[in-house]
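# Report on the structure
Chain by chain, the residues run as shown.
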Amino acid sequence: MKVRKLISASAVAGLLLASAPFTAASAATTEPGGQAPMTEGQQPKAANPHKQAKHAVNHTVGQLTFIGEQRIGNDLKFEETLVGGLSGIDYNPRTHQWILISDDRSDNAPARFYTAKLKYDTKSFYGVELTGMTEFKQEDGTTYPNKKDYTANQRGIVPDLESIRFDPNGKSVWYTSEGDRTLNLNPFIRQATLKGKYLSSILTPKAFQIDASSGSSTQKGFRNNLALEGSSFSPDGKYYFTSMEAALYQDGEISTVDAGSYSRITKYNRSGDIIAQYAYPIDAIPAKPGQGKSADNGVSEMLAINDHQFLILERSGVQAADGNYSNYIRIYEADAAQATNVNNLDSLTSGQYTPLTKKLVLDLNTLGLPKLDNVEGIAWGPKLQNGHDSLVLVSDNNFGASQVTQLLAFDVSPEKK
């Protein structure tokens, strides 16, 4: 059963919050719009590598001005699926369509993404309307199993999908999964049709994968739930980038309250070959947790500005003494122009390299929002009426009653020369 227009929405402008459900009337406003390591035979069935995206845009980032907020209710069901866990977002300028990926590990419904329409302009964020739901298919045409089914049948891959991007050069999407060390499943990168059908895979770096030969005393590869969290295409579609949420085991400790850490950003060409890899400096955890409580900080998503500059979402969750979490979300602009290619470095602990440079663009905790949740997705939107880029963020509610799914829209002023 399709359910539309039942999204509980709260439009936020500045520090004022006004709640109103999105209805057809509000649409009158303008729309500015593990698995074994993959073989070389599974390289991407990509478009012509020399073909550039027709809608390629040169982005520039000066100041971000907050437009407003919309929320999706935790109880919303759409096409018989519970909407939640939205960990990635992207926009297609050719079709003016948005996509949102859920990190539901096929527990509430098979792994999937939603299509949507977002209504906002320079003055306000008016509403969100889900328009479709698509289940991802594995290579054999079946949906992804959940952990229970996988344990019983040992078939397929349990997904932990985190990032999704439209391919600028064709009618397909690319998405990432974090993997699961407890199930011996490595992270993966896959390409699918707009109907969710499997097309191809990119071979993930060996350094990211579980190294069974290292034994239990020396762990290598990705950390559980801290892996392929982000991805992005360069605007011209020539390169595809991925970002690890946190440090690999061999790259040192993850961030603490006292010290930052390094994750890896990988640059691929259209054939799936690694062109370069860079060390990204993650901040220390910005606040101290309660006694015996948890806290972390990592890269929750990336977004290419061009082929060497990116917007990086750093997301920190800090648990207080009462068990409640506070989120600290910052957007940085990172630049790889002078960074060392660390693809051939077995470990980043030596420090014999130049990491990406970064500068703070926006601390979301300064916006005065009634609630800042677990923001995990970021995407360029359509151009605004003033000619500026727009930007939209989405939070992952983890299907939890104490969290919310919020979408935040911004006006991106160009950088002053």
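Just above sits the structure.
First things first, this report covers the structure right here in the doc.

So, how was this worked out
- All chains use their own residue numbering, which begins from 1 and follows the written sequence.
- Predicted model: local features are reported for residues with pLDDT of at least 70 only, side-chain atom pairs are reported and counted for 80 or more only, and whole-chain, interface and lining totals are derived from all residues.
- Only hydrogens and water are set aside; all other atoms, that is, all heavy atoms of the structure, feed into the side-chain values.
- For the purposes of this entry, the term helix denotes a DSSP run of H or I that reaches at least four residues, the term strand denotes a run of E that reaches at least two, and both are numbered from the N terminus.
- When accessible area is computed with a 1.4 Å probe and restricted to protein chains, residues below 20% of their type maximum are described as buried, those above 50% as exposed, and intermediate ones as partly exposed.
- Accessible areas in this description were obtained via Shrake-Rupley with a 1.4 Å probe; residue shielding takes into account the shown protein chains only.
- Centre distance within 6.5 Å is the pairing criterion for rings of Phe, Tyr and Trp, where only the six-membered ring of Trp is used; planes under 30 degrees apart are then read as stacked, over 60 as edge-to-face, and the remainder as tilted.
- Here, over-ring charges are defined by two tests on the NZ atom of lysine or the CZ atom of arginine: distance to the ring centre within 6 Å, and angle to the ring normal within 35 degrees.
- A pairing counts as a salt bridge when a side-chain nitrogen of Lys or Arg comes within 4 Å of a carboxyl oxygen of Asp or Glu.
- Only when DSSP finds a minimum of two bridges between them are two strands counted as paired.
- Here an angle of 0 to 180 degrees is reported between the N-to-C directions of two axes, which are lines fitted to C-alpha atoms, with helices fitted over the stretch in contact.

## Considerations on the overall build of the chain
Along the chain, the regular secondary structure elements total 1 helix and 24 strands. Looking at the chain as a whole, 57% of its 417 residues are labelled buried. As displayed, the chain has an accessible area near 17,200 Å², and 49% of this comes from carbon and sulfur atoms.

## Observations regarding the packing of aromatic side chains
Per the stated rule, a full pass over the model turns up 14 aromatic pairs. On the basis of an interplanar angle of 70 degrees and a centroid distance of 4.8 Å, the ring pair of Phe-241 and Phe-310 is categorised as edge-to-face. Placement of the pair is Phe-241 in strand 15 (residues 239-244) and Phe-310 in strand 19 (residues 309-319), with a sequence separation of 69 residues. With a relative accessible area of 0%, Phe-310 lands in the buried category. Ring geometry for Tyr-262 versus Tyr-353: centroids 5.8 Å apart, planes at 85 degrees, classification edge-to-face. In this pair, Tyr-262 sits in strand 16 (residues 261-269) while Tyr-353 sits in the loop between strand 20 (325-335) and strand 21 (357-363), placing the two residues 91 residues apart along the sequence. Overall, the relative accessible area of 11% leaves Tyr-353 in the buried class. Members of the aromatic cluster, connected to one another through ring pairs, are Phe-113, Phe-136, Tyr-144, Tyr-175 and Phe-188. Note that Arg-181 overlies the ring of Phe-222, its terminal NZ or CZ placed 5.4 Å from the centroid.

## Topic: the pattern of salt bridges
Counting across every chain of the model gives 16 salt bridges. The salt bridge partner of Asp-104 is Arg-112, with a shortest N-O separation of 2.8 Å. By the burial criterion, Asp-104 is buried, and Arg-112 matches it. Close ionic contact of Arg-270 with Asp-167 constitutes a salt bridge, the shortest N to O distance being 3.0 Å. Here the residue Arg-270 occupies a position in the loop between strand 16 and strand 17 (274-282), and Asp-167 occupies one in the loop between strand 10 (161-166) and strand 11 (172-177), the gap between them amounting to 103 residues. Both residues of the pair, Arg-270 and Asp-167, count as buried.

## Some points on the sheet that holds strand 13 (residues 198-202)
Taken in spatial order, the 4 strands line up as 10-11-12-13 in an open sheet, and their pairing is antiparallel. On the outer flanks of this sheet lie strand 10 and strand 13, each paired with one strand and no other. Going from strand to strand, the sheet's axes swing by 25 degrees on average, the running direction of each strand aside. The sheet contact formed by strand 12 (residues 188-193) and strand 13 spans 4 bridges and is antiparallel. Bridge assignment links Ala-192 to a residue of strand 13, and that residue is Tyr-198.

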